[in-house]
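Results of the structural survey
Listed below are the residues making up each chain.
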Amino acid sequence: MASSDPNKRPRPGPWPPAPESAAMPPTTWAKKTGFRPKFSGETNASDSGQIGIQQQSTRRRESDPNLDLEAGRVRTRQEKVNGETTGEKDKPPVRKRRDSDGGSGGGVAKSTNGQAVGTTATAEPAAAATTAAAAQQPARRVSRNEEVVDVLPQIVDDDGFMSRHSHMKYELRDTPGLVPIGLYGFQHYLSILGSLILIPLVIVPAMGGNYEDTSNVVSTVLLMSGVTTLLHTSFGSRLPLIQGPSFVYLAPALAIINSPEFLALKGNKFKHIMKELQGALIISSAFQAILGYSGLMSVLLRLINPVVVAPTVAAVGLSFYSYGFPQIGTCLEIGAVEILLVIFFSLYLRKISVLGHRVFLIYAVPLGLAITWAVAFLLTAVGVYSYKGCDVNAPVSHIISDHCRENIPKMKHCRVDALHALGSAPWFRFPYPLQWGMPVFHWKMALVMCVVSIISSVDSVGSYHASSLLVASRPPTPGVLSRGIGLEGLCCLLAGLWGTGTGSATLTENVHTIAVTKMGSRRAIELGACVLIVLSLIGKVGGFIASIPDVIVAGLLCFMWTMLTALGLSNLRYSEAGSSRNIIIVGLSLFLSLSIPAYFQQYGITPKSNLQVPSYFQPYVVASHGPIRTNFGGLNYILNTLLSLHMVIAFLVAVILDNTVPGSRQERGVYVWSDPETAKREPAVAKDYGLPFRVGKLFRWVKWVGL
């Protein structure tokens, strides 16, 4: 008869070797990033890309030698009492040996294929066994790391329910059919319409372009957005992210447009400045492509985490405050109404569903645009903004009447001259490369764009990460990350050759659109990109968009920049947002990103200064009067321009502080991407991120651009 004394019980074993099983991903993405939130759960990636969440009834220690992090499972050593396995129902609790203390316990049994499963029936006896063991051992304080079990960050929808993939209607590789894909893809692009069309409506008039020039640039932007999106979903990160004109490139583009050497230009000022922008974008895009395809981006990311990404992206939105409401104030009766409509739709009516769709939340921006444009069109048609003897197209120097001088600004900003814009646009026009002429290359402008391309890459990496939590089986590997950034460089090169005026990058607002529309299918994004290409060939579409008044553009931009700021700050949820360390770093980064550029922008300007640009563009003429004045004019231009850009200051301050101030990995929210060797053995990862047409086989020898 076997002794019942647990101290004299013989050691069980030897055990036969465990059967080989399919490789599992690391226990959780949270484990790989160092997060330890106070939830109990475990995630595993299945072949279909779904993430199953298995509730665990016991707590594990990180130092447990039986915890196999890379295989994503627990190698349990089951103890036996009198030949019976402990942890089963109706078995008396026994004292655990010291070497198995803190193990997986009886709440998690091991199935035949090596996957950990949990049952309710075994949870209570396991808890009783743990309690009995704890009562016989000396009490000790459990550290924070031992209290919790890692869990993949969850998504909380508007109804307050915690979900992972279940809230998505279509995930990354879903192809439900042409009609659903077309419907959801259309609403996806329509909801992000503001990000696609608003930048040309700002920079083209600033370059001295007319309605025809604006229409042509809008058509070019639509074409490039469609082409680059198809390239990115096929050969880039393969995530359902739309490529288009990025707000990150807007501030440096305005700085180049308002350079001192361009202020006195006469004649066709638009084409000359556009060729300068093309040259700067071509060089910076080549730099970004090298940064990605060489693997240097993976090295750079060792210095970057959510505490750096959050203030950097937020500063992009905050930097345009001088353009927002001051421009709306030129026609308050339209601009203020538009902002109120968008707020009302997106917040107060966001939960109202029509045919199962939250129409007001999804289409808040297009609805606000349509209503205010219709009101402005009617007011223009009935003559509200027509003043006798005043010509809106007349030069300011030719205006003699005080009556006209007072009302001309309202006519410029409030009128909807749709007939003129549509009349100047052809029915069919194919945007072609170098349509504005041969690009002009200046090294000082190219260096400014190269620095901005680094910040654009950091912004895109945050979008890759956030979207993968919604639609993919796992976060992208370092190779997928480098591949995506490299392809974005090539896409930006195409934008420079065709002449969109700004660089092409992943639209950060797209992540919010995926969560709202619940559309994560790659096929829907690709179908929508094809529609954009078709629309770009219809010249009247660009002409219609060019007729949107300036005040409506400013109203929509106020909302889009607000979203960009909020999405940037939302990256803090991957770190300890309540940490005093992080609070101080983010606060200093944001404040200095507004204060230091203000010093550069206001330096040398006196009340009697007569600048040749509108007041809302004065922050971008700092190159002519900045405080840095060395004997090298090019160096003065680069430093004064870069240090006047809010996002550059936020990035530099956050990177320096976050990498010099001590902090734990969990506190910092350090990005540690998926192990490439483990990911290669996962069918779901290969299907999510693998290149089509067996192109991936060509890159097997290049580890930093593969899986």
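Now for a quick tour of the structure. Being a predicted model, the structure only gives us computed values, none of them experimental.

Overview of unusual backbone geometry
Positive phi, close to 70°, is recorded for R238, a residue that is not glycine. Residue class for R238 comes out buried when judged on its relative accessible area of 7%. In the Ramachandran plot, L434 falls in the positive-phi region, its phi being about 55° despite a non-glycine side chain. By secondary structure assignment, the location of L434 is in the loop between α17 (418-424) and α18 (443-471).

Regarding the packing of aromatic side chains
This structure, assessed with the given rule, holds 12 aromatic pairs. A centroid spacing of 4.5 Å and a plane angle of 15° characterise the contact between F320 and W561, whose relative ring orientation is stacked. Note that F320 is positioned in the loop between α11 (306-318) and α12 (324-328) and W561 in helix α23 (residues 550-569), a separation of 241 residues in sequence. Plain terms: the ring middles of W373 and F544 are 5.0 Å apart, the flat faces sit at 50° to each other, and that makes the pair tilted. Here W373 is found in helix α15 (residues 364-381), whereas its partner F544 is found in helix α22 (residues 539-546), with 171 residues between them in sequence. One aromatic cluster is present, built from ring pairs that chain together F247, F320, Y323, W561 and F617. Over the ring of W427 we find K540; its NZ or CZ atom is 5.4 Å from the centre of that ring.

Points about the packing of helix α7 (residues 250-257) against α18
Their axes nearest at 10 Å, the elements α7 and α18 cross at an angle of 170°. Judged by the angle between their axes, α7 and α18 are roughly antiparallel. Contacts between α7 and α18 involve P252, A253 and I256 from the first element and M445, V448, M449 and V452 from the second. A class-by-class count of the residues in the contact of α7 with α18 yields seven nonpolar, no polar and no charged.

Things to note about the state of the cysteines
Using the criterion set out here, one finds zero disulfides in the structure. Of all cysteine sulfurs in the structure, the one in C492 sits closest to C450, which takes part in no disulfide; the separation is 9.9 Å. Judged by its relative accessible area of 12%, C450 falls in the buried class.

With respect to α7
Within α7, eight of the eight residues are buried, which leaves the element mostly enclosed by the surrounding structure. Looking at α7, one finds that the buried residues are L250, A251, P252, A253, L254, A255, I256 and I257.

Regarding helix α19 (residues 478-498)
The terminal C-alpha atoms of α19, which comprises 21 residues, lie 30 Å apart, in line with the 30 Å expected from a rise of 1.5 Å per residue. Here α19 lies mainly inside the structure; 16 of its 21 residues are buried. Just downstream of α19, G499 is the residue with a positive phi angle, here 85°.

Criteria and thresholds
Counting restarts for each chain: residues are numbered from 1 in the order of the written sequence. Note on the predicted model: pLDDT of at least 70 is required for a residue's local features to be given, and 80 or more for side-chain atom pairs to be given and counted; whole-chain, interface and lining totals, by contrast, use all residues. Only hydrogens and water are set aside; all other atoms, that is, all heavy atoms of the structure, feed into the side-chain values. Relative accessibility decides the category of a residue: with a 1.4 Å probe and only protein chains considered, values under 20% of the type maximum give buried, values over 50% give exposed, and everything between is partly exposed. Secondary structure elements are defined from DSSP: runs of H or I of at least 4 residues count as helices, runs of E of at least 2 residues count as strands, and each element is numbered from the N terminus. Note on ring pairs: Phe, Tyr and Trp rings are taken, using the six-membered ring of Trp, and paired if centres are within 6.5 Å. Classes follow the plane angle, with under 30 degrees stacked, over 60 edge-to-face and the rest tilted. Each ring is checked for a lysine NZ or an arginine CZ that lies within 6 Å of its centre and within 35 degrees of its normal; such an atom marks a charge sitting over the ring. Under this scheme, a helix contributes an axis fitted over its contacting stretch, all axes are lines through C-alpha atoms, and angles between N-to-C directions fall in the 0 to 180 degree range. Just so you know how the angles are binned, under 35 degrees is roughly parallel, over 145 roughly antiparallel, 65 to 115 roughly perpendicular, and the rest oblique. Residue contacts follow a heavy-atom distance rule, with two residues in contact if any of their heavy atoms lie within 4.5 Å. Under the convention adopted here, Pro, Cys and the residues Ala, Val, Leu, Ile, Met, Phe, Trp and Tyr are nonpolar, Asp, Glu, Lys and Arg are charged, and Gly plus all remaining residues are polar. Note on terminology: pairs of cysteine sulfur atoms within 2.5 Å are recorded as disulfides. By this rule, a helix spans an expected 1.5 Å times one less than how many residues it contains.

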